[in-house]
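Breakdown of the fold
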Protein chains: 2
Amino acid sequence: MNSDQCGNDKGLSRRQMLIAGGAMVAGATMTHLGGLIRPALAKGGGSEKWPWPYEKLDPAITAELAYQEWYRVFCGAAVINSVVSQLREKVGEPYTSFPADAFVFLEGGMVGWGMTCGSNAGAAIVANLIIGPRIAGNPQGHQISEEIFEWYSDASMPVYAPAAPKVATEIVRTTSESPLCHISVGKWMKASGFPIGSAERKDRCARVAASVAFRLVELLNGWKDGKYEVVSSHSPVKEYGITAQMNCMECHTGDVPTPPRS
Amino acid sequence: MNSDQCGNDKGLSRRQMLIAGGAMVAGATMTHLGGLIRPALAKGGGSEKWPWPYEKLDPAITAELAYQEWYRVFCGAAVINSVVSQLREKVGEPYTSFPADAFVFLEGGMVGWGMTCGSNAGAAIVANLIIGPRIAGNPQGHQISEEIFEWYSDASMPVYAPAAPKVATEIVRTTSESPLCHISVGKWMKASGFPIGSAERKDRCARVAASVAFRLVELLNGWKDGKYEVVSSHSPVKEYGITAQMNCMECHTGDVPTPPRS
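Here chain A sits on chain B after a turn of 180° about the axis and a move of 0.0 Å along it, with an RMSD of 0.0 Å. Here the two chains are linked by the operation of a two-fold rotation axis. Considering only C-alpha atoms, the part of chain A nearest the rotation axis is Cys251(A), at 2.2 Å. Most of the interface of chain A is mirrored in chain B, where 98% of its interface residues are also at the interface.

As structure tokens, then:
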């Protein structure tokens, strides 16, 4: 990591030194393994049978729950709790035993690193919990995740306006063109002029969580009715030869490398 | 999203049209909510009491499990299963009821979008499942997540060499300088010359999952012994005024915007 890039040479140098030391020790250990006995994998209980029982939810109630929950557990866990809390009441297990609050760390694109917007990550978790992973036979949880990421990237966010906003200021709407927190929040901050710590930015993100929860439940309800149709057309590995978003030029500017092809 | 950027104008136009239509309908619905009754949030069962019971694991056995599991469930779920499957045997609940296989979608930086490397996301999930979210009182699950992301970014990956490699080719090691899949895989592909679909790239990612699982268990064992010390020094919101990584120039090149400050 080039510590000159972000103007914090001293702090990063200390960190780099500590981490490099740790990596070397781990490396020395890891490269001399041999003769390991592989234990049998203990499989999960009933929670790994899909689909989980699902009852259709009201998108508007779910969105309002996500909006309120943002102020307790932030974006990712707010989206998860907005669905899981209702299904704990309507269905019970396996929702009751799912530790939704553990996902607070999705905040700020995972512990503030600005990667996947937590609302997107939370929605993908919910879709895959309920419908199951593609390896279990149904690709629709995977496909709904893709669709949420695309919808989010193209939407004028926040779409959702809460019934009783916690912030009276009009919240500017922006299009992120990316499912990443850093880009989504950055474009909104630039357009609105509000800083990251402002009540307005927080309420904007709470409304984004609500918007995603609303859309997620629309898609899950469609799936429950057997009416889900694939919309996403982004196939990065096939199209570009690498895992990727589709907004290549936003980071690569004029020079998109060509990946090796077989 | 600028469909001209990645040379797929036709496909994206159709997609954009479909999504824009959906967003408008949702928007019309979402902006006319009022008089909602907020249902009480149904809380989780015993799985939301932290910390979860933890028994120290062997990092090398865990890494080998993650390596093998990659070929069944891919990076994120491989890291999760490498720890959870052992704790199902040693401890039982709440690990038995945790649906680890649901996290296959973390593959390729979430359904192939190249965002957070699934191994990193899986490790953060495990740390926060076991230690709990910061809002429950202990920030160490959050801090271990940060440390994993930093360690990963600075490590010469893959650190781990399997006891019985599935691929005989020597696997080149590269430093990603980022916790993102797209950048980590892209730099490795550039250095190695192997394409995304090659057996070598797959084995490289299986070894990365194993490397992260190894490091994760070292950190969890330290936490269990009461010896975990914070190493991460990356505080993006405080330092930069936005959620972010620290490799700003890798995307922004010469022009890093200044976020609004309060």
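All names here are of chain B. Two elements in contact, helix 5 (residues 181–192) and helix 6 (residues 199–224), have axes whose closest approach is 11 Å; the angle formed by their N-to-C orientations is 135°. By the criterion of interaxial angle, the relationship of helix 5 to helix 6 is oblique. Taken as a pair, helix 5 and helix 6 cross one another with a handedness that is right-handed. Where helix 5 approaches helix 6, its residues Ser184, Val185, Trp188 and Met189 are matched on the opposing element by Glu200, Arg201, Arg204 and Cys205.

This next bit is on the packing of aromatic side chains. Here the distance between the centres and the angle between the planes together describe a pair of aromatic rings. If you walk through the whole model with that rule in mind, you get 22 aromatic pairs over all chains. Each ring, one from Trp70(A) and one from Tyr71(A), has its centre 5.1 Å from the other, and the planes form 75°; the classification is edge-to-face. Here the aromatic cluster, defined as three or more aromatic residues joined through ring pairs, consists of Trp52(A), Tyr95(A), Phe98(A), Phe103(A), Phe105(A), Trp52(B), Tyr95(B), Phe98(B), Phe103(B) and Phe105(B). Seen from the ring of Tyr71(A), Lys166(A) lies directly overhead, with NZ or CZ sitting 5.0 Å from the centre.

With 125 residues of chain A at the contact, the number on the chain B side is 124 residues. Overall, the association of chain A and chain B removes approximately 11,100 Å² of surface from exposure, summing both partners, and the carbon and sulfur fraction of that is 70%. Seen at the junction of chain A and chain B, the total is four salt bridges. In this structure, Arg134(B) engages Glu107(A) in a salt bridge whose closest nitrogen and oxygen atoms are separated by 2.7 Å. Seen at the junction of chain A and chain B, the total is 16 residue pairs in polar contact (both at pLDDT 80 or more).

Okay, helix 5 (residues 181–192) of chain A next. Residues and elements named next belong to chain A. The end-to-end C-alpha separation of helix 5 is 16 Å, in line with the 16 Å expected for twelve residues at 1.5 Å each. Among all positions in helix 5, only Cys181, Ile183, Ser184, Val185, Trp188, Met189 and Ser192 are buried. Close packing links the buried residues of helix 5 with helix 4 (140–154), helix 6 (199–224) and helix 8 (249–252). Just downstream of helix 5, Gly193 is the residue with a positive phi angle, here 80°.

All names here are of chain A. As enumerated under the stated definition, the model contains 20 salt bridges over all chains in all. For Asp225, the salt bridge is made with Lys56, and the minimal N-O distance between the two is 2.7 Å. Here Asp225, found in the loop between helix 6 and helix 7 (236–240), pairs with Lys56, found in the loop between helix 1 (9–30) and helix 2 (59–90); they are 169 residues apart in sequence, far enough to count as distant.

So, about the packing of helix 3 (residues 118–131) of chain B against helix 4 (residues 140–154) of chain B. All names here are of chain B. Two elements in contact, helix 3 and helix 4, have axes separated by 8 Å at closest approach and are oriented at 160°. Compared by their axis directions, helix 3 and helix 4 come out roughly antiparallel. The interaxial crossing formed by helix 3 with helix 4 has right-handed handedness. Across the interface between the two elements, Asn120, Ala123, Ala124, Ala127, Asn128 and Ile131 from helix 3 touch Gln140, Gly141, His142, Ile144, Ser145, Ile148, Phe149 and Tyr152 from helix 4. Here the contact of helix 3 with helix 4 is composed, by residue class, of eight nonpolar, six polar and no charged.

Core analysis: the largest hydrophobic core is formed by 146 residues, its most contacted members being Phe103(A) and Phe103(B). Other than its neighbours up to four places away in sequence, Phe103(A) contacts Ala77(A), Ile80(A), Phe98(A), Ile125(A), Phe98(B), Phe103(B) and Ile125(B).

A word on helix 3 of chain B. Residue and element names in this part refer to chain B. The end-to-end C-alpha separation of helix 3 is 20 Å, in line with the 20 Å expected for 14 residues at 1.5 Å each. Judged by how many residues are buried, helix 3 sits mostly within the fold: 14 of 14 residues are covered. Just past helix 3, the residue Gly132 takes up positive phi, approximately 100°.

Moving on, we get to the environment of Leu57(B). Residues and elements named next belong to chain B. Note on placement: Leu57 falls in the loop between helix 1 (9–30) and helix 2 (59–90). Residue Leu57 is classed as buried on the basis of its relative accessible area of 5%. When the C-alpha positions of Leu57 and Val217 are compared, they lie 6.5 Å apart, and in sequence the two are 160 residues distant. Not counting residues up to four positions away in its chain, the partners in contact with Leu57 are Thr62, Val83, Gln86, Leu87, Lys90, Val217 and Asn221.

Reading guide: rules and limits
- Residues numbered from 1 in each chain as written.
- Chains lettered and ligands numbered in written order.
- Predicted model: local features only at pLDDT ≥ 70, side-chain atom pairs only at ≥ 80, totals over all residues.
- Heavy atoms only, no water.
- Least-squares fit on C-alpha atoms with pLDDT ≥ 70 in both.
- Contact = heavy atoms within 4.5 Å.
- Axes fitted to C-alpha atoms, helices over the stretch in contact; angles between N-to-C directions.
- Helix = DSSP H or I, 4+ residues; strand = E, 2+ residues; numbered from the N terminus.
- Parallel < 35°, antiparallel > 145°, perpendicular 65-115°, else oblique.
- Left-handed = near helix turned anticlockwise from the far one by under 90°.
- Phe/Tyr/Trp six-rings, centres within 6.5 Å; stacked < 30°, edge-to-face > 60°.
- Lys NZ or Arg CZ within 6 Å of the ring centre and 35° of its normal.
- Buried area = accessible area lost by both parts, 1.4 Å probe.
- Salt bridge = Lys/Arg side-chain N within 4 Å of Asp/Glu carboxyl O.
- Polar contact = N/O pair within 3.5 Å; in protein donor to acceptor, adjacent residues only side chain to side chain.
- Expected span 1.5 Å × (residues − 1).
- Buried < 20%, exposed > 50% of the residue type's maximum accessible area, 1.4 Å probe, protein only.
- Nonpolar A, V, L, I, M, F, W, Y, C, P; charged D, E, K, R; others polar.
- Core = buried A, V, L, I, M, F, W, Y, C linked by side-chain atoms within 4.5 Å.

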